[in-house]
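Residue-level listing of the chains:
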Amino acid sequence: MKTLKIAIQKSGRLNEKSVELLKNCGLSFENYKSSLISPVSNFPLEILFLRDDDIPEYVQDGIADLGIVGENVIQETEVKVSYLQRLGFGKCSLKIAVPNNDDIQNLAGLNGKSIATTYPVILGKFLKENGITSDIRTISGSVEISPGLGLADAICDLVSTGGTLKSNGLKPFADVMSSEAVLIGRKGSETEDLVLELIQRIQSVLRAKETKYVVLNVHRDNLAAITALLPGVKSPSVVPLAEENWVAVHTVIPERDFWDRISQLKQAGAQGIVVMPIEKIIL
């Protein structure tokens, strides 16, 4: 049987979440910090621990079948790979930032300015699309200190919380792109059985994180009102209780509107509401 290879970040902001996702998929392996390869003992898969900048090209060239990497890296390297699944973590934005005392009002104010970045390809496309002519200065690391050192008038870098910008006297000015971790594959891999099985596992974990399992008690007189609020995966499960005319309703509720839905359920007559996390949902 063929053994798949998946490349993930060796260290950095996506490593921990990538390892957690794969382990939640039921894959058994050791996260060897000093090793480049870790075999999975219960699935035909090997995990490659690489620099994030190398992952897209490894996948494009077929050295790895799959990879977990930020969209920003894919766009910057301009590789030809298949997007297989957005993963919902590692979310950030690539932004242009300027010094706090800069009075620039709009994108046109960037004309003739110098911008330091580690993402010259993405920034270049953005400026071209907006008809802006700026001097792009490509540097590696510590982009935020460039204006303070007189190396550039502005920067373009990844921003999560904005704390680093603030500590360097910068303010976000323009959004270039949003990014999150994605599962990518070499061209054609999306039709292979092993890849599809792994994607199914990943999707089941992601669905579970987006929902809560809820059990509640309700009088039959209020059952119709309750079930109207609870679509569940297909429809709620209703189980009779020992007490006459009372039932237990089992369902799932999306995390995004959980508290609003719980409030509606209580108003509709739900009692004894028990909420539990879900490990996996397989459709």
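Residues numbered from 1 in each chain as written. Predicted model: local features only at pLDDT ≥ 70, side-chain atom pairs only at ≥ 80, totals over all residues. Heavy atoms only, no water.

*Asks:* Is there a simple way to explain the layout of surface pockets in this structure?
*Replies:* Empty pockets left among the atoms are what a rolling probe the size of a water molecule brings to light. Of the voids in this model, the largest pocket is the one considered here, and its volume is about 400 Å³. Of all the secondary-structure elements, those providing two or more residues to the lining of the largest pocket are β4 (66-70), α3 (71-77) and β9 (154-159). Among the elements that take part in the lining of the largest pocket, α3 stands out by supplying four residues, more than any other. (1 Å grid on protein atoms, 1.4 Å probe; cavity = no way out; pocket = protein on both sides within 12 Å on 5 of 7 lines; lining within 4 Å. Points joined across faces, edges and corners; volume = space filled by probe spheres on them. Helix = DSSP H or I, 4+ residues; strand = E, 2+ residues; numbered from the N terminus.)

*Asks:* Sorry, what's going on with the sheet that holds β9 here?
*Replies:* Where strands meet in a sheet, backbone hydrogen bonds hold them as pairs that are either parallel or antiparallel. Pairing is mixed in the open sheet, where five strands are placed in the order β8-β7-β9-β6-β10. Each edge of the sheet is formed by a strand with only one pairing partner; in this case those strands are β8 (135-138) and β10 (170-179). Averaged over all adjacent pairs, the angle separating strand axes in this sheet is 25 degrees, with direction ignored. Running at roughly 170 degrees to β8, helix α4 (residues 120-129) makes contact with β6 (92-99), β7 (114-117), β8, β9 and β10 of the sheet. (Pairing = 2+ DSSP bridges. Axes fitted to C-alpha atoms, helices over the stretch in contact; angles between N-to-C directions. Contact = heavy atoms within 4.5 Å.)

*Asks:* Explanation requested: the packing of aromatic side chains in the structure shown.
*Replies:* In this description, a pair of aromatic rings is defined by centroid distance and the angle of the planes. Following the criterion strictly, the structure yields one aromatic pair and no others. Here the guanidinium or amino end of Lys23 rests over the ring plane of Phe29, the centre of that ring lying 4.2 Å away. (Phe/Tyr/Trp six-rings, centres within 6.5 Å; stacked < 30°, edge-to-face > 60°. Lys NZ or Arg CZ within 6 Å of the ring centre and 35° of its normal.)

*Asks:* Where do I start with helix α1 (residues 15-24) in this structure?
*Replies:* Taken residue by residue, α1 has Asn15, Ser18, Val19, Leu21 and Leu22 as its buried positions. Down the axis of α1, the sector holding all buried residues measures 160 degrees, keeping them to one side. Against β1 (4-9), β3 (45-50), β4 and α6 (193-209) lie the buried residues of α1. Residue Gly26 follows α1 closely and has a positive phi angle near 85 degrees. (Buried < 20%, exposed > 50% of the residue type's maximum accessible area, 1.4 Å probe, protein only. Arc of directions from axis to C-beta.)

*Asks:* What is the right way to read the sheet that holds β3 from this model?
*Replies:* Strand order in the open sheet made by the six strands is β2-β3-β1-β4-β11-β5, with mixed pairing throughout. Strands at the two margins of the open sheet, each flanked by one partner only, are β2 (37-39) and β5 (82-86). Adjacent strand axes in the sheet meet at a mean angle of 25 degrees, parallel and antiparallel pairs treated alike. Here β1 pairs with β3 via six bridges, running parallel. Note that in β3 the partner of Ile8 across the bridge is Phe49. Packed on one face of the sheet, α1 meets β1, β3 and β4 and runs near 145 degrees to β1. This element, α6, spans β1, β3, β4, β5 and β11 (181-185) of the sheet and lies at about 30 degrees to β5.

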